[in-house]
Amino acid sequence: MTDDGAFRMMAVRTTDTVRSVLRAQGLDVGTPEARLLGEMVTGAILFRETMSPTLRVQGVLKGAAGSGTLIADSHPDGWSRGLVQRRPEAPSFRLGAGAVLQMMRSLPNGELHQGVVEADERGFDDALMGYMQLSEQIETVVRCAVIVEDGELKAAGGYLVQLLPEAPDREAAVMILAQRLEDDFDDIRGRLVATDASPDHLIEEVFYGMPYTPLGDSEVRAGCDCSHVRILAGLSTLGPDDLQEMVDAGAPLEIGCDWCGAEYRVEVEALRHLLTSS
Ligand SMILES: [Zn+2]
């Protein structure tokens, strides 16, 4: 935060996290949905750290014309995950007319705060900025980037700058920083590649000449909260007829997590147990 209380900034390096998420989803890193999903994972982390660092958040990007849905989760323990939902015959994922971004975060009382904004061709960043403005009423600049060169993920990361309501000399401060962000930090791809997506670099450069105090940092990584217990809990919601059918089939179930790709095996004995306890 700048010492005059005018701005707060978060920056994140997500190169390894995004690489793991894209690999778990079996995505070719050069596709538009891979880039967008990487940006969403990055944006979800920045959004959570800004709005609800101790609670989980989810972003859902519904593409135009039935081109699919991208989902990014960020958890307070530091892990994030992503998911692509697309029918095999769906057209290439794209934004534009009909596409929307939905952001959801849990509130301390357990309720869900959510809002939906249009997601036009300008991209994920602009949709997220629109959401922050409309639904959270906070002036925010967000830039997330995933850089792929020669078919390889080179770097991923981003930043988020907020104008704080108690800024003393709002107008002057906003003009100075808005100009700087527009001139030098609109496209951060070159910086991310050159600095290994260093968050320190982004913060030092954006706040150059402005006294500021680092308030904290936290680790991010790819992860998931799937487990054998959760798989069993999911199966227990099936009706007795379905469970009986699985027991009669006589073979263990192989179930994979759609998010992280982890494989779970449920033995017939466990299915029988679910049946008798249902
Ligand atoms: Zn999982």
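Here the structure is a predicted model, which means the values were calculated and not measured.

## Topic: the overall build of the chain
Next, step 1: Within the chain, the regular secondary structure consists of nine helices and 11 strands.
Next, step 2: When the backbone C-alpha atoms are referred to their principal axes, the chain occupies close to 75 × 45 × 35 Å.
Next, step 3: When the 278 residues of the chain are sorted by exposure, 30% land in the buried category.
Next, step 4: Taking as baseline every contact in the chain between residues at least 6 positions apart, the subset at least 24 positions apart corresponds to 67%.

## With respect to the domain arrangement of the chain
Next, step 1: Partitioning the chain into domains gives domain 1 (7–222) and domain 2 (228–277).
Next, step 2: Placing the centre of domain 1 and that of domain 2 at their C-alpha centroids yields a distance of 36 Å.

## A short note on the nonpolar core
Next, step 1: Formed by 55 residues in total, the largest nonpolar core has its most connected members in Met9, Leu37, Met40, Val41, Leu128, Tyr159 and Val161.
Next, step 2: When residues in this core are grouped by element, the largest group, nine residues, is from helix α2 (residues 32–51).
Next, step 3: If sequence neighbours within four positions are ignored, methionine 9 has contacts with Tyr159, Leu160, Val161, Ile203, Val206 and Phe207.

## Examining the pairing of strand β8 (residues 152–163)
Next, step 1: With nine of its 12 residues buried, β8 lies for the most part within the structure.
Next, step 2: As paired strands, strand β1 (residues 7–13) and β8 are joined by seven bridges and run antiparallel to one another. Pairing of arginine 13 across the sheet is with glycine 157, part of β8.
Next, step 3: Bridge count for strand β7 (residues 140–149) against β8 is 10 bridges, and the pairing is antiparallel.

## Here we look at the sheet that holds β1
Next, step 1: Strands sit in the order β1-β8-β7 across an open sheet of three strands; the sheet is antiparallel. The open sheet has two edge strands with one neighbour each: β1 and β7. Going from strand to strand, the sheet's axes swing by 10 degrees on average, the running direction of each strand aside.
Next, step 2: Sheet contacts for helix α1 (residues 15–24): β1, β7 and β8; angle to β8, the most-contacted strand, approximately 120 degrees.

## What to know about the pairing of strand β3 (residues 69–74)
Next, step 1: Most of β3 is tucked away, with five of its six residues classed as buried.
Next, step 2: Pairing of strand β2 (residues 57–62) with β3 involves six bridges; the strand directions are antiparallel. Following the sheet pairing, valine 57 is matched in β3 by serine 74.
Next, step 3: Taking the residues between adjacent antiparallel strands as the criterion, β2 and β3 are bridged by six residues, where alanine 65 takes a positive phi near 50 degrees.
Next, step 4: Alignment of β3 against strand β4 (residues 79–85), held across six bridges, turns out to be antiparallel. When the sheet's bridge partners are listed, threonine 69 is paired in β4 with glutamine 85.
Next, step 5: Count of turn residues in the β3/β4 antiparallel hairpin: four residues, of which glycine 78 carries a positive phi of about 110 degrees.

What counts as what
- Residues numbered from 1 in each chain as written.
- Predicted model: local features only at pLDDT ≥ 70, side-chain atom pairs only at ≥ 80, totals over all residues.
- Helix = DSSP H or I, 4+ residues; strand = E, 2+ residues; numbered from the N terminus.
- Buried ≥ 20, exposed ≤ 12 C-beta atoms within 10 Å, placed from the backbone.
- Contact = placed C-beta atoms within 7 Å.
- Domains from an automatic or database assignment.
- Core = buried A, V, L, I, M, F, W, Y, C linked by C-beta atoms within 7 Å.
- Pairing = 2+ DSSP bridges.
- Axes fitted to C-alpha atoms, helices over the stretch in contact; angles between N-to-C directions.

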